[in-house]
Amino acid sequence: MALLRTVERTSVRAGVRPTRLGRDFWLGYALTLPAFLVVVGLVAYPLGYAFWLSLQDIKVGGQGQFVGLANYARLLFDRDSRIYGLFWNSVKVTFLYTGGALAGKFVIGMVSALILNAQIRARHFWRTLLFVPWAIPAVVSAFTWRWMYNDVNGVINTLLTNLGLVDRPILFLADPKLALWSVLIAAIWQGAPFWTMTFLAGLQAIPRELYEAAAIDGATPFQQYFRITLPLLTPVITVTVMLSAIWTSNAIQYVYILTNGGPANATETFPLLAYHEGMQAYDLGIASTIPLVFFPVFAVLIYFLTRRMLRQEG
(Lines give C-alpha, C1' and ligand atoms only; values in the text may rest on other atoms or scores of the structure.)
Protein backbone atom coordinates (compact mmCIF):
# COMPACT_ATOMS: atom_id res chain seq x y z
CA MET A 1 0.00 0.00 0.00
CA ALA A 2 2.80 2.41 0.87
CA LEU A 3 4.42 1.67 -2.49
CA LEU A 4 1.11 2.28 -4.30
CA ARG A 5 0.61 5.64 -2.51
CA THR A 6 4.17 6.64 -3.43
CA VAL A 7 3.49 5.79 -7.08
CA GLU A 8 0.26 7.77 -6.98
CA ARG A 9 1.98 10.85 -5.50
CA THR A 10 4.75 10.59 -8.09
CA SER A 11 2.18 10.26 -10.85
CA VAL A 12 0.26 13.31 -9.62
CA ARG A 13 3.44 15.39 -9.60
CA ALA A 14 4.17 14.21 -13.13
CA GLY A 15 0.70 15.25 -14.26
CA VAL A 16 -0.73 11.71 -14.58
CA ARG A 17 -4.25 11.42 -13.23
CA PRO A 18 -4.96 8.68 -10.65
CA THR A 19 -7.78 7.37 -12.83
CA ARG A 20 -5.33 6.84 -15.68
CA LEU A 21 -2.97 5.04 -13.31
CA GLY A 22 -5.83 2.82 -12.14
CA ARG A 23 -6.81 1.95 -15.70
CA ASP A 24 -3.22 1.00 -16.56
CA PHE A 25 -3.04 -1.04 -13.38
CA TRP A 26 -6.08 -3.15 -14.30
CA LEU A 27 -5.01 -3.31 -17.94
CA GLY A 28 -1.80 -4.98 -16.83
CA TYR A 29 -3.80 -7.60 -14.94
CA ALA A 30 -6.08 -8.12 -17.93
CA LEU A 31 -3.13 -8.69 -20.26
CA THR A 32 -1.52 -11.24 -17.93
CA LEU A 33 -4.79 -13.07 -17.23
CA PRO A 34 -4.56 -15.46 -20.25
CA ALA A 35 -1.05 -16.55 -19.28
CA PHE A 36 -2.18 -16.95 -15.66
CA LEU A 37 -5.11 -19.14 -16.72
CA VAL A 38 -2.83 -21.30 -18.88
CA VAL A 39 -0.42 -21.82 -15.98
CA VAL A 40 -3.27 -22.68 -13.61
CA GLY A 41 -4.99 -24.97 -16.09
CA LEU A 42 -1.94 -26.82 -17.37
CA VAL A 43 0.34 -26.82 -14.31
CA ALA A 44 -1.23 -25.87 -11.00
CA TYR A 45 -4.53 -27.76 -11.33
CA PRO A 46 -3.05 -31.07 -12.61
CA LEU A 47 -0.33 -30.92 -9.94
CA GLY A 48 -2.83 -30.19 -7.19
CA TYR A 49 -5.19 -32.93 -8.38
CA ALA A 50 -2.33 -35.44 -8.57
CA PHE A 51 -1.40 -34.59 -4.99
CA TRP A 52 -5.02 -35.09 -3.92
CA LEU A 53 -5.08 -38.50 -5.64
CA SER A 54 -1.86 -39.47 -3.87
CA LEU A 55 -3.64 -39.04 -0.54
CA GLN A 56 -6.32 -41.56 -1.47
CA ASP A 57 -6.75 -45.27 -1.98
CA ILE A 58 -8.49 -45.09 -5.32
CA LYS A 59 -8.87 -47.40 -8.28
CA VAL A 60 -9.91 -46.53 -11.81
CA GLY A 61 -13.69 -46.15 -11.90
CA GLY A 62 -14.02 -46.53 -8.12
CA GLN A 63 -14.64 -44.27 -5.15
CA GLY A 64 -11.56 -42.93 -3.40
CA GLN A 65 -10.90 -43.33 0.31
CA PHE A 66 -8.73 -40.74 2.04
CA VAL A 67 -5.64 -42.42 3.54
CA GLY A 68 -3.37 -39.43 4.14
CA LEU A 69 0.31 -40.20 3.64
CA ALA A 70 -0.18 -43.98 3.61
CA ASN A 71 0.75 -44.27 -0.08
CA TYR A 72 4.02 -42.44 0.54
CA ALA A 73 4.74 -44.73 3.50
CA ARG A 74 4.09 -47.82 1.36
CA LEU A 75 6.57 -46.61 -1.25
CA LEU A 76 9.34 -45.47 1.06
CA PHE A 77 9.18 -47.58 4.21
CA ASP A 78 6.83 -50.59 4.01
CA ARG A 79 9.10 -53.49 3.14
CA ASP A 80 6.17 -55.91 3.11
CA SER A 81 4.34 -53.92 0.46
CA ARG A 82 4.39 -55.13 -3.14
CA ILE A 83 5.18 -51.68 -4.45
CA TYR A 84 8.13 -51.09 -2.09
CA GLY A 85 10.62 -53.25 -4.00
CA LEU A 86 9.34 -52.10 -7.37
CA PHE A 87 9.69 -48.45 -6.39
CA TRP A 88 13.25 -48.67 -5.08
CA ASN A 89 14.26 -50.76 -8.09
CA SER A 90 12.85 -48.01 -10.34
CA VAL A 91 14.86 -45.42 -8.39
CA LYS A 92 18.05 -47.37 -9.02
CA VAL A 93 17.25 -47.93 -12.69
CA THR A 94 16.33 -44.26 -13.17
CA PHE A 95 19.61 -43.04 -11.71
CA LEU A 96 21.64 -45.53 -13.77
CA TYR A 97 19.71 -44.69 -16.92
CA THR A 98 19.89 -40.93 -16.44
CA GLY A 99 23.52 -40.93 -15.30
CA GLY A 100 24.63 -43.17 -18.15
CA ALA A 101 22.73 -41.10 -20.70
CA LEU A 102 24.21 -37.84 -19.41
CA ALA A 103 27.75 -39.23 -19.47
CA GLY A 104 27.40 -40.66 -22.97
CA LYS A 105 25.77 -37.53 -24.38
CA PHE A 106 28.41 -35.31 -22.80
CA VAL A 107 31.35 -37.23 -24.27
CA ILE A 108 29.83 -37.59 -27.74
CA GLY A 109 28.46 -34.06 -27.74
CA MET A 110 31.75 -32.48 -26.65
CA VAL A 111 33.91 -34.46 -29.08
CA SER A 112 31.51 -33.79 -31.96
CA ALA A 113 31.32 -30.08 -31.15
CA LEU A 114 35.11 -29.75 -31.04
CA ILE A 115 35.43 -31.50 -34.39
CA LEU A 116 32.67 -29.47 -36.05
CA ASN A 117 34.11 -26.24 -34.66
CA ALA A 118 37.42 -26.93 -36.38
CA GLN A 119 38.16 -26.07 -39.99
CA ILE A 120 37.29 -29.35 -41.71
CA ARG A 121 36.02 -30.10 -45.18
CA ALA A 122 32.24 -30.17 -45.75
CA ARG A 123 31.71 -28.87 -42.24
CA HIS A 124 28.13 -27.77 -42.93
CA PHE A 125 27.27 -31.17 -44.38
CA TRP A 126 28.58 -33.01 -41.31
CA ARG A 127 26.71 -30.62 -39.02
CA THR A 128 23.46 -31.30 -40.84
CA LEU A 129 24.05 -35.06 -40.83
CA LEU A 130 24.84 -35.09 -37.11
CA PHE A 131 21.61 -33.33 -36.19
CA VAL A 132 19.41 -35.83 -38.06
CA PRO A 133 18.93 -38.20 -35.07
CA TRP A 134 17.59 -35.34 -32.96
CA ALA A 135 15.13 -34.35 -35.70
CA ILE A 136 13.63 -37.84 -35.94
CA PRO A 137 10.63 -38.35 -33.61
CA ALA A 138 11.58 -40.42 -30.57
CA VAL A 139 8.86 -42.99 -31.23
CA VAL A 140 10.09 -43.58 -34.78
CA SER A 141 13.72 -43.96 -33.74
CA ALA A 142 12.73 -46.23 -30.83
CA PHE A 143 10.91 -48.62 -33.16
CA THR A 144 13.90 -48.50 -35.52
CA TRP A 145 16.25 -49.50 -32.72
CA ARG A 146 13.83 -52.24 -31.67
CA TRP A 147 14.04 -53.71 -35.16
CA MET A 148 17.83 -53.37 -35.18
CA TYR A 149 18.09 -55.23 -31.84
CA ASN A 150 15.73 -58.02 -32.95
CA ASP A 151 17.30 -61.42 -32.34
CA VAL A 152 15.68 -63.04 -35.41
CA ASN A 153 16.04 -60.59 -38.28
CA GLY A 154 17.61 -57.52 -36.64
CA VAL A 155 20.36 -55.81 -38.62
CA ILE A 156 22.87 -55.94 -35.74
CA ASN A 157 22.54 -59.69 -35.09
CA THR A 158 22.46 -60.42 -38.83
CA LEU A 159 25.65 -58.45 -39.37
CA LEU A 160 27.46 -60.05 -36.42
CA THR A 161 26.40 -63.53 -37.52
CA ASN A 162 27.45 -63.02 -41.15
CA LEU A 163 30.84 -61.72 -40.02
CA GLY A 164 31.31 -64.79 -37.85
CA LEU A 165 31.67 -62.75 -34.65
CA VAL A 166 28.88 -64.59 -32.82
CA ASP A 167 27.55 -68.14 -33.00
CA ARG A 168 24.01 -67.30 -31.94
CA PRO A 169 21.94 -64.13 -31.78
CA ILE A 170 22.53 -61.77 -28.87
CA LEU A 171 19.41 -61.05 -26.83
CA PHE A 172 19.96 -57.33 -26.51
CA LEU A 173 16.50 -56.61 -25.09
CA ALA A 174 15.79 -59.91 -23.33
CA ASP A 175 19.00 -60.29 -21.31
CA PRO A 176 18.79 -58.43 -17.95
CA LYS A 177 22.52 -57.67 -18.18
CA LEU A 178 22.27 -56.10 -21.65
CA ALA A 179 18.79 -54.57 -21.78
CA LEU A 180 19.55 -51.32 -19.94
CA TRP A 181 22.76 -50.80 -21.92
CA SER A 182 20.86 -51.37 -25.16
CA VAL A 183 18.23 -48.80 -24.25
CA LEU A 184 20.97 -46.38 -23.18
CA ILE A 185 22.72 -46.61 -26.55
CA ALA A 186 19.49 -45.76 -28.35
CA ALA A 187 18.74 -42.84 -26.02
CA ILE A 188 22.29 -41.47 -26.33
CA TRP A 189 22.14 -41.72 -30.13
CA GLN A 190 18.94 -39.68 -30.20
CA GLY A 191 19.93 -37.07 -27.60
CA ALA A 192 23.62 -36.45 -28.33
CA PRO A 193 22.96 -33.99 -31.22
CA PHE A 194 21.26 -31.58 -28.82
CA TRP A 195 24.40 -31.53 -26.67
CA THR A 196 26.52 -31.07 -29.78
CA MET A 197 24.42 -28.12 -30.89
CA THR A 198 24.57 -26.34 -27.52
CA PHE A 199 28.30 -27.00 -27.08
CA LEU A 200 29.00 -25.85 -30.63
CA ALA A 201 27.12 -22.61 -30.02
CA GLY A 202 29.16 -22.08 -26.86
CA LEU A 203 32.43 -22.78 -28.65
CA GLN A 204 31.67 -20.28 -31.38
CA ALA A 205 31.05 -17.61 -28.75
CA ILE A 206 34.59 -17.98 -27.35
CA PRO A 207 36.92 -15.33 -28.85
CA ARG A 208 39.58 -16.81 -31.13
CA GLU A 209 42.09 -14.31 -29.74
CA LEU A 210 42.27 -16.31 -26.51
CA TYR A 211 43.45 -19.41 -28.35
CA GLU A 212 45.89 -17.42 -30.44
CA ALA A 213 47.40 -15.84 -27.34
CA ALA A 214 47.61 -19.22 -25.63
CA ALA A 215 49.32 -20.74 -28.67
CA ILE A 216 51.88 -17.93 -28.69
CA ASP A 217 52.59 -18.66 -25.02
CA GLY A 218 53.24 -22.29 -25.93
CA ALA A 219 50.03 -23.88 -24.62
CA THR A 220 49.22 -27.29 -26.05
CA PRO A 221 45.73 -28.11 -27.40
CA PHE A 222 44.97 -30.03 -24.18
CA GLN A 223 46.04 -27.09 -22.06
CA GLN A 224 43.91 -24.75 -24.17
CA TYR A 225 40.93 -27.03 -23.69
CA PHE A 226 41.23 -27.28 -19.89
CA ARG A 227 42.31 -23.65 -19.34
CA ILE A 228 40.10 -21.86 -21.88
CA THR A 229 37.40 -24.02 -23.45
CA LEU A 230 36.11 -25.93 -20.44
CA PRO A 231 35.93 -22.96 -18.02
CA LEU A 232 34.16 -20.73 -20.55
CA LEU A 233 31.75 -23.54 -21.48
CA THR A 234 30.82 -24.26 -17.85
CA PRO A 235 27.58 -22.19 -17.93
CA VAL A 236 26.47 -23.93 -21.14
CA ILE A 237 27.37 -27.35 -19.74
CA THR A 238 25.48 -26.66 -16.51
CA VAL A 239 22.26 -25.65 -18.29
CA THR A 240 22.50 -28.56 -20.74
CA VAL A 241 23.08 -31.12 -18.00
CA MET A 242 20.14 -29.92 -15.91
CA LEU A 243 17.78 -29.77 -18.90
CA SER A 244 18.81 -33.18 -20.16
CA ALA A 245 18.57 -34.71 -16.67
CA ILE A 246 14.96 -33.54 -16.36
CA TRP A 247 14.02 -34.70 -19.87
CA THR A 248 15.80 -38.06 -19.73
CA SER A 249 14.56 -39.13 -16.32
CA ASN A 250 10.95 -38.29 -17.21
CA ALA A 251 10.91 -39.77 -20.72
CA ILE A 252 9.46 -43.24 -21.24
CA GLN A 253 9.44 -43.60 -25.06
CA TYR A 254 12.60 -45.65 -25.44
CA VAL A 255 12.13 -47.79 -22.34
CA TYR A 256 8.46 -48.43 -23.07
CA ILE A 257 8.88 -49.31 -26.75
CA LEU A 258 12.11 -51.29 -26.48
CA THR A 259 11.57 -53.29 -23.28
CA ASN A 260 8.42 -52.06 -21.50
CA GLY A 261 10.46 -52.13 -18.31
CA GLY A 262 11.63 -55.73 -18.68
CA PRO A 263 13.18 -58.15 -18.50
CA ALA A 264 12.42 -58.70 -14.80
CA ASN A 265 12.04 -54.91 -14.24
CA ALA A 266 15.67 -54.39 -15.25
CA THR A 267 14.78 -51.26 -17.25
CA GLU A 268 11.71 -50.01 -15.38
CA THR A 269 12.23 -46.32 -14.61
CA PHE A 270 9.93 -44.47 -12.20
CA PRO A 271 7.75 -42.83 -14.91
CA LEU A 272 7.17 -46.24 -16.48
CA LEU A 273 6.37 -47.74 -13.06
CA ALA A 274 3.81 -44.98 -12.51
CA TYR A 275 2.32 -45.76 -15.93
CA HIS A 276 2.11 -49.48 -15.13
CA GLU A 277 0.48 -48.85 -11.75
CA GLY A 278 -2.07 -46.49 -13.23
CA MET A 279 -2.87 -48.16 -16.56
CA GLN A 280 -2.36 -51.84 -15.72
CA ALA A 281 -2.85 -52.17 -11.96
CA TYR A 282 -5.47 -49.37 -12.05
CA ASP A 283 -4.13 -47.93 -8.79
CA LEU A 284 -4.41 -44.18 -9.27
CA GLY A 285 -3.28 -43.40 -5.74
CA ILE A 286 0.10 -45.12 -6.08
CA ALA A 287 0.47 -43.99 -9.70
CA SER A 288 0.11 -40.37 -8.57
CA THR A 289 2.40 -40.82 -5.58
CA ILE A 290 5.40 -42.20 -7.49
CA PRO A 291 6.22 -39.07 -9.55
CA LEU A 292 5.37 -36.77 -6.63
CA VAL A 293 8.09 -38.41 -4.55
CA PHE A 294 10.57 -37.14 -7.14
CA PHE A 295 8.95 -33.72 -7.37
CA PRO A 296 11.31 -32.05 -4.82
CA VAL A 297 14.33 -33.22 -6.83
CA PHE A 298 12.99 -31.71 -10.05
CA ALA A 299 11.87 -28.57 -8.24
CA VAL A 300 15.44 -27.99 -7.03
CA LEU A 301 16.83 -28.62 -10.53
CA ILE A 302 14.31 -26.25 -12.10
CA TYR A 303 15.07 -23.60 -9.46
CA PHE A 304 18.82 -23.65 -10.12
CA LEU A 305 18.24 -23.90 -13.88
CA THR A 306 16.02 -20.83 -13.81
CA ARG A 307 18.53 -18.89 -11.72
CA ARG A 308 21.34 -19.81 -14.09
CA MET A 309 19.39 -18.83 -17.22
CA LEU A 310 18.20 -15.54 -15.72
CA ARG A 311 21.73 -14.74 -14.62
CA GLN A 312 23.00 -15.34 -18.15
CA GLU A 313 20.31 -13.06 -19.59
CA GLY A 314 21.21 -10.37 -17.03
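Remember, predicted model here, so these are calculated numbers, not experimental data.

So, how was this worked out
Residues numbered from 1 in each chain as written. Predicted model: local features only at pLDDT ≥ 70, side-chain atom pairs only at ≥ 80, totals over all residues. Heavy atoms only, no water. Salt bridge = Lys/Arg side-chain N within 4 Å of Asp/Glu carboxyl O. Helix = DSSP H or I, 4+ residues; strand = E, 2+ residues; numbered from the N terminus. Polar contact = N/O pair within 3.5 Å; in protein donor to acceptor, adjacent residues only side chain to side chain. Contact = heavy atoms within 4.5 Å. Core = buried A, V, L, I, M, F, W, Y, C linked by side-chain atoms within 4.5 Å. Buried < 20%, exposed > 50% of the residue type's maximum accessible area, 1.4 Å probe, protein only.

Q: What is the right way to look at the pattern of salt bridges in this model?
A: Charged atoms that come close allow side chains of opposite charge to pair. Tallying each qualifying case throughout the model produces 2 salt bridges. Among the salt bridges present, the one from Arg82 reaches Glu277, with a minimum N-O distance of 2.8 Å. Separated by 195 residues along the polypeptide, Arg82 in helix α4 (residues 82–117) and Glu277 in helix α13 (residues 270–279) bring together distant segments of the chain.

Q: Where do I start with the side chain of Ser54 in this structure?
A: Checked against the element boundaries, Ser54 lands in helix α2 (residues 18–54). A polar contact is formed between the side chain of Ser54 and the side chain of Tyr72, at a distance of 2.8 Å. With sequence-adjacent residues up to four places away left out, Ser54 is seen in contact with Gly68, Asn71, Tyr72, Gly285, Ser288, Thr289 and Leu292.

Q: Explain the nonpolar core to me, please; I cannot follow it from the model alone.
A: For soluble globular proteins, nonpolar side chains are generally found buried alongside one another. Core analysis: the largest hydrophobic core is formed by 20 residues, its most contacted members being Tyr97, Trp145, Val183, Tyr254 and Leu258. At the level of secondary structure, the elements contributing two or more residues to this core comprise α4, α7 (138–149), α9 (179–204) and α12 (253–258). The residues contacting Trp145, other than those within four sequence positions of it, are Ile185, Ala186, Trp189, Tyr254 and Leu258.

Q: Is there a simple way to think about the environment of Gln56 in this case?
A: Summarising the element assignment, Gln56 is placed in strand β1 (residues 56–57). According to the relative accessible area criterion, Gln56 is buried, its value standing at 8%. In contact with Gln56, not counting residues within four places along its chain, are Gly64, Gln65, Phe66, Val67, Asn71 and Gly285.

Bear in mind that shape data such as this cannot, by itself, settle questions of function.
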